Amino acid sequence: MCGIVGYVGSNKNSVHVLIDGLKKLEYRGYDSAGIAYLENNKLNIIKSVGELKKLESKVNFGVSSNIGLGHTRWATHGIADEVNSHPHKVGKFTIVHNGIVENYNELRSKLKSEGYGFKSETDTEVVAALLDSIYKTNNDVLKSIRKMTDILDGSYALGIMCEDDNDTLYVAKNKSPLIIGVGEGDNYIASDVPAILDKTKKYIALEDGCYAKITSSEINLYKDGIKKDFNVEEFKYDASDISKKGYEHFMLKEMHEQPEVFRRTTNPYLESGIDSLIAKMPDFTKYGKIRIVACGSATHAGLVGKQMIEKFANAEVQVDTASEFRYCKQFLKEDELVIVVSQSGETADTLEALNIAKKNGNDTLGIINEKGSTIAREAKMVLYTEAGKEIAVATTKAYSAQVALLSLIALNLSYKKDLVDKKEIKEILEDANKLPGYIESLLNKEEDYKKIAEDIKDYNDIFFIGRGIDYALAMEGSLKLKEISYTHSEAYAAGELKHGTISLIDEGTPVVAIVTDDNIAPKTISNIKEVKSRGANVIYITNKKDENEDGFYDKKIVVPKVNYLLQPLLTVIPLQMVAYELAKLKGCSIDKPKNLAKSVTVE
Ligand code: AGP
């Protein structure tokens, strides 16, 4: 979503830092951008709609400036135009903002009655006016910010400059991510690590309700009017983690990182076999039921996890989409564990689901990739996916790592319940060793994926079908295809097709059919035959090498057969790769698909 970067210091030219930082935040998704900087105490604001290079072309990089704010905007209040884009200046205050202020309409009316006029439709301009109006009464920026935070409802990460204090940046944070980067002779603010990673490795993570005064040499942090101590932490990544390392796209690089991500995520739990798995995971046996709540691909990982935990550990699992969960009756019982799954650890709906579970008194567990993220800090227990920084909007390696951890939870629980025998544990551990090699071999079948992409490129509707765990994978395959290739697709439970949707199958309609679970394979295969006999072009993804084949498919991708708990980590590879090749063939913006944001920090 929106991105913030800010700089104050004497070592660098702020304009360079701001544009450079905004480029690093492009992956988050945006539709307009802007910067504000001071040169000889004169404020300059430059904005543009669309790609960042348009903003770059308007900027004079030869200026001398020690302080400034930059922003990429993903439109929420009002269309993507220059008037609505940030920074916004009202009176003495210039502001950039991520998040959504919920009471902005009533504040706007009140401020109008005080004589403020508004050019944009944004909540941010209202925040700037509110701050200016409070400041007129006390002439003290910090006190004004404090009062403003008492009045604002909703989420915000704010970068603030005040005309009366030209050497200082101010920030305020509530429910939207914001960090302060600590340099030497200069300091930074950013909504996300990559914006400043090549400038400094030291940072301060702000808690909700905090605000701060930042000069080139000093950082003072406050909450509720009281000065607070803070820890300076160090980023684990370095700048090379956010480069493409020779790959054409971040998505391709990240798919190729999956063998290593699997090792990194699972090794700590499997290094001494089942003993380390039991020692290093919470005791899941004490819960009557597991609830998994997440958004998008993380929900799909949860659905795979549900199949694995229910089948393997005979424990009930319910999966909810966080945006629905937060507004429905949750019927949470005391002995239920709520697992929230999130790559970013900042997804607004998932965070709210976590808060609901905590308020209800439930134990919570986060399966999180971004260390130090809000959900990682707020959940009672955390298991980290070790996917490293994921830049492509379409998740691949983080999704796989989520599935890997859920499979370990299933194994942990089934072992503790004495439902898995030694022979099968041995088989799982052996398969886990072989898995990275298998993933690599599947990634290398590039030519097959290209041919499939070529085959389906002229179709506007594509179906993904499967049963059980394969249906959960079909959902992820369909989402990947939609988000990066802009091709409409639907995931369907194979047995459900003939209850309506099969009427859409025509001569040549592409149907990606997934069959990996022996127990239900014959059923799914008869569903595939139903679509084939109505003209479908069937792309068959299976771990079955040589079943009696009688022409029910057009193309076949065979994935190695491994234990049920690990199989999805292989089956998903062709789904990701076909989506990638199709998007490439159609010339789509693969790493930054239109309208999408990497981290969805508003509901
Ligand atoms: C998937 O490719 C998406 N970009 C999206 O569905 C994503 O998984 C979802 O927004 C959840 O994000 P999170 O894991 O950061 O919470």
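The shown structure was predicted, so the numbers you read here are calculated from the model rather than taken from an experiment.

Enquirer: Provide a residue-level description of the site of the ligand, including the pertinent values.
Expert: Around the ligand lies a shell of 14 residues, among which S342, Q343, S344, T347 and E483 are the nearest. For the shell around the ligand, the secondary-structure elements that each account for two or more residues are α9 (296–313) and α16 (469–485). When grouped by side-chain class, the residues that make up the shell around the ligand number five nonpolar, seven polar and two charged.

Enquirer: Hey, could you go over the packing of helix α14 (residues 422–443) against helix α18 (residues 567–585) for me, with residue numbers and the actual values?
Expert: Where α14 meets α18, the closest approach of the two axes is 9 Å, and the angle between their N-to-C directions is 20 degrees. Here α14 is positioned roughly parallel relative to α18, judged by the angle of their axes. In the packing of α14 onto α18, the handedness of the crossing is right-handed. Residue-level inspection shows L435, Y438, I439, L442 and L443 of α14 in contact with α18, the latter providing L569, L570, I573 and M577. Residue composition of the contact of α14 with α18, by class: nine nonpolar, no polar and no charged.

Enquirer: If you had to explain helix α3 (residues 104–113) to someone new, which residues and values would you point to?
Expert: Listed in full, the buried residues belonging to α3 are Y104, L107, R108 and L111. Buried residues along α3 cover an arc of 105 degrees about the axis, so they all sit on one side. In α3, the exposed residues that point more than 90 degrees away from the buried face are E106, K110 and S113. Of the surrounding elements, those touching the buried residues of α3 are α4 (123–138) and α5 (141–151). The positive-phi residue at the C-terminal boundary of α3 is G115, with phi of around 110 degrees.

Enquirer: Outline the pattern of salt bridges, supporting the account with residue identities and numerical values.
Expert: For the structure shown, the criterion picks out 46 salt bridges. A salt bridge links E207 to K228, with the nearest nitrogen and oxygen atoms 3.6 Å apart. Linking E207 in the loop between β11 (202–205) and β12 (210–214) with K228 in strand β14 (residues 226–228), this pair joins segments that are 21 residues apart in sequence. Classification of E207 by relative accessible area gives partly exposed; the value is 37%. Assessed through its relative accessible area of 26%, K228 is described here as partly exposed.

Enquirer: Account for the packing of aromatic side chains, with residues named and values stated.
Expert: The full count for this structure, using the stated rule, is seven aromatic pairs. Taken together, a centroid distance of 5.3 Å and an interplanar angle of 55 degrees make the contact between Y7 and Y188 tilted. With Y7 in strand β1 (residues 3–9) and Y188 in strand β10 (residues 186–190), this pair connects stretches of sequence that are 181 residues apart. Residue class for Y7 comes out buried when judged on its relative accessible area of 0%. Arranged with centres 5.2 Å apart and planes meeting at 85 degrees, the rings of F552 and Y553 form a pair that is edge-to-face. Grouped by ring-pair contacts, the aromatic residues Y540, F552 and Y553 constitute a single cluster. For the cation-ring pair, K329 lies above F331, with the distance from its terminal atom to the ring centre recorded as 5.3 Å.

What counts and how
Residues numbered from 1 in each chain as written. Predicted model: local features only at pLDDT ≥ 70, side-chain atom pairs only at ≥ 80, totals over all residues. Heavy atoms only, no water. Near = heavy atom within 4 Å. Helix = DSSP H or I, 4+ residues; strand = E, 2+ residues; numbered from the N terminus. Nonpolar A, V, L, I, M, F, W, Y, C, P; charged D, E, K, R; others polar. Axes fitted to C-alpha atoms, helices over the stretch in contact; angles between N-to-C directions. Parallel < 35°, antiparallel > 145°, perpendicular 65-115°, else oblique. Left-handed = near helix turned anticlockwise from the far one by under 90°. Contact = heavy atoms within 4.5 Å. Buried < 20%, exposed > 50% of the residue type's maximum accessible area, 1.4 Å probe, protein only. Arc of directions from axis to C-beta. Salt bridge = Lys/Arg side-chain N within 4 Å of Asp/Glu carboxyl O. Phe/Tyr/Trp six-rings, centres within 6.5 Å; stacked < 30°, edge-to-face > 60°. Lys NZ or Arg CZ within 6 Å of the ring centre and 35° of its normal.

Geometry only, nothing functional implied.
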